[in-house]
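Chain residues, written in single-letter form:
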Amino acid sequence: MTVPSLLPRQDARTQRDRLEVLTVLINGPEFDPVLRGGVLKIPPSHPVYPWNCTVPDCARSRWRRYAMCSVHADQWQEAEAGGMTRTQFLRGAEPLAAWEAPEEMMCRICPQRPAFSLRLAVCFRHRNRWLSHLKRHPGADEDDGEFERWLADQQPCPGYGECRAEVCDELAASPLGLCGAHERGYIRAGRPGGARLPKNFFATFERHELPVPISCDDQIAFRAWCRAQLPVHRTGQIYLRGLRPLLRAEFQWGMYVHGLQPTAVWNLTWVQSLADECQRRDVASLAGLDPSVFHRDYHQRMVSEMQEALRKVYFSPGDTRDAGYIETEHFGVRFPHRSSYVDLTCVLSAYYLTSPTAYG
Ligand SMILES: [Zn+2]
Ligand SMILES: [Zn+2]
Ligand SMILES: [Zn+2]
């Protein structure tokens, strides 16, 4: 499905200039380093975008609109109904252990292969080898040290490289070249392009250290599917990789500026879903975009706030007066020496003059 582009036409030059200004700002010393890069890894207790449960030492992440994990949010609602204060509840609540691996787990034998069995922490191939070992040694048990002895004999296998889904940051889980989540999604989608592995590829190829041939009915359709995928979401991470470069920078700057005066909470899941929505609609820039194209009001509010932050960057004071904050094709900031030196004094002073908290 193609969604018509929502872009007001901005010439390539304007976009390039704007990206250049934002890049300088994002690489500047005041900028929050956590918000740089294609995958933002937000620490659990980040001052602006926290996602940890507020019960001290609880290792679980927040649930829906609560500042607590689902178990504690539930207990808190009951405690509150019974007349307990929040402070009393937080002091008395028992912290819980994490229940999902926040990072991708690797095979403990193969450094380049993701774990298939999270319990054993081994890849698909080693899981199968362990199962056949158990078959050959009836009575052998994981717990009596047999697993440790078996582990010591195992050789690592080479990895399958990065997942072919363009935005994906994970390692491929099989010779098909997709991570576990994208491979499941590919099968669910009915294998567009018909990419598949030979039957028994372990026994026929991998065991003999041979490369596994992939057959594909339609390479172009398979590649198009890989390009169209959204990232696998992980708690505490924001994937901006699939966004066009200018839009990515606009998100980063927008998130940073929001943190200078956070009057409303921006849940990380909202930020991610807005990024996904922009990617689906092939948005190149938030400038001039009508926020009402988004159906959710939190998306609309976030877009308006980011646009406000961008206006202060995109228009220098003189142009701002002339343009009266009306979106215009004209880009006012001048660069005396383009690639080597960018004079941002006017942009920065315009920005910091209107944001007194920017000084901390
Ligand atoms: Zn909790
Ligand atoms: Zn392995
Ligand atoms: Zn993937």
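No experiment lies behind these values; they were computed from the predicted model shown.

Caption draft 1: Examining the overall build of the chain more closely. Each helix and strand counted, the chain has 13 helices and 2 strands in total. Taking all 360 residues of the chain together, the buried fraction comes to 43%. Within the chain, contacts between residues separated by at least 24 positions form 56% of all contacts whose residues are at least 6 apart in sequence. On the chain, roughly 19900 Å² of surface is accessible, and the fraction owed to carbon and sulfur atoms is 52%.

Caption draft 2: Seen up close, the side chain of E277. With respect to the helices and strands, the residue E277 is situated in helix α10 (residues 268–280). In this structure the side chain of E277 is engaged in a polar contact, spanning 3.0 Å, whose partner is the side chain of R280.

Caption draft 3: Inspection of the coordination of the zinc ion (ligand 3) at higher detail. Taken together, C163 (SG), C168 (SG), C179 (SG) and H182 (ND1) make up the protein donors of the zinc ion (ligand 3), found 2.1 to 2.3 Å from the metal. Coordination at the zinc ion (ligand 3) comes from 4 donor atoms whose angles at the metal span 102 to 117°, giving a geometry best classed as tetrahedral.

Caption draft 4: A look at the pattern of salt bridges. Taken as a whole and assessed by the stated rule, the structure comprises 9 salt bridges. Its salt-bridge partner being R113, residue E206 comes within 3.2 Å of it at the nearest N-O pair. With E206 in the loop between α7 (201–204) and α8 (219–228) and R113 in the loop between α3 (86–92) and α4 (124–136), this residue pair connects regions lying 93 residues apart in the sequence. With relative accessibility at 7%, the residue E206 sits in the buried group. For R301, the salt bridge is made with D297, and the minimal N-O distance between the two is 3.7 Å. Note that R301 and D297 are positioned in helix α11 (residues 297–314) at a spacing of 4 residues, about one turn of the helix. According to the relative accessible area criterion, R301 is partly exposed, its value standing at 49%. Owing to a relative accessible area of 49%, D297 belongs among the partly exposed residues under this scheme. Connected through shared salt-bridge partners, E277, R280 and R281 make up one network.

Caption draft 5: Structural context of the coordination of the zinc ion (ligand 2). Those protein atoms acting as donors to the zinc ion (ligand 2) are C107 (SG), C110 (SG), C123 (SG) and H126 (ND1), and they sit at 2.1 to 2.4 Å. One chain supplies every donor for the zinc ion (ligand 2), spaced along it as C-x2-C-x12-C-x2-H. Looking at C107, the relative accessible area reads 5%, which means it is buried.

Caption draft 6: Broad picture of the packing of helix α9 (residues 245–260) against α10. Contact geometry of α9 with α10 gives a least axis separation of 12 Å together with a crossing angle of 160°. One element, α9, and the other, α10, form an angle in the roughly antiparallel class. Crossing hand, α9 versus α10: right-handed. Taken together, the residues of α10 that come into contact with α9 (itself represented by L247, F251 and M255) are L268, V271, L274, A275 and C278. In terms of residue class, the contact of α9 with α10 is made up of 8 nonpolar, no polar and no charged.

Caption draft 7: Quick look at the packing of aromatic side chains. For the structure shown, the criterion picks out 14 aromatic pairs. For the ring pair W76 and F89, a centre distance of 5.6 Å and an interplane angle of 45° mean the geometry is tilted. You can see W76 sitting in helix α2 (residues 70–81) and its partner F89 sitting in helix α3, a full 13 residues away along the chain. Classification of F89 as buried rests on a relative accessible area of 6%. Aromatic side chains F201 and F202 sit 4.5 Å apart centroid to centroid with 25° between the ring planes, which places their arrangement in the stacked category. In this structure F202 comes out as buried when scored by relative accessible area, which is 17%.

Caption draft 8: A look at the environment of R62. One can find R62 in the loop between β1 (39–41) and α2. On the basis of relative accessible area, R62 is assigned to the partly exposed category, the value being 28%. In this structure, the C-alpha to C-alpha distance between R62 and P44, residues 18 residues apart in sequence, is 9.5 Å. Beyond its immediate sequence surroundings of up to four residues, R62 is in contact with P50, W51, N52, C53, T54, A67, M68 and C69. Of the polar contacts made by the side chain of R62, one reaches the backbone oxygen of N52; its length is 2.7 Å.

Caption draft 9: Quick peek at the side chain of Q307. As for its placement among the helices and strands, Q307 is situated in helix α11. Not counting residues within four places of it along the chain, the set of residues in contact with Q307 comprises L286, G288, L289 and P291.

Caption draft 10: Looking closely at the packing of helix α1 (residues 12–26) against α11. At a minimum axis distance of 10 Å, the contact between α1 and α11 shows a crossing angle of 100°. In terms of axis orientation, α1 runs roughly perpendicular to α11. The residues of α11 that touch α1, namely those facing R18, V21, L22 and L25, are L310, V313 and Y314. For the contact of α1 with α11, a count of residues per class yields 6 nonpolar, no polar and 1 charged.

How each quantity is defined
- Residues numbered from 1 in each chain as written.
- Chains lettered and ligands numbered in written order.
- Predicted model: local features only at pLDDT ≥ 70, side-chain atom pairs only at ≥ 80, totals over all residues.
- Heavy atoms only, no water.
- Helix = DSSP H or I, 4+ residues; strand = E, 2+ residues; numbered from the N terminus.
- Buried < 20%, exposed > 50% of the residue type's maximum accessible area, 1.4 Å probe, protein only.
- Contact = heavy atoms within 4.5 Å.
- Areas by Shrake-Rupley, 256 points an atom, 1.4 Å probe, with all protein chains shown as cover.
- Polar contact = N/O pair within 3.5 Å; in protein donor to acceptor, adjacent residues only side chain to side chain.
- Donors = N, O, S within 2.8 Å, 3.2 Å for Na, K, Ca; no water.
- Tetrahedral: all angles 85-135°; square planar, octahedral: opposite > 155°, others 65-115°.
- Salt bridge = Lys/Arg side-chain N within 4 Å of Asp/Glu carboxyl O.
- Axes fitted to C-alpha atoms, helices over the stretch in contact; angles between N-to-C directions.
- Parallel < 35°, antiparallel > 145°, perpendicular 65-115°, else oblique.
- Left-handed = near helix turned anticlockwise from the far one by under 90°.
- Nonpolar A, V, L, I, M, F, W, Y, C, P; charged D, E, K, R; others polar.
- Phe/Tyr/Trp six-rings, centres within 6.5 Å; stacked < 30°, edge-to-face > 60°.

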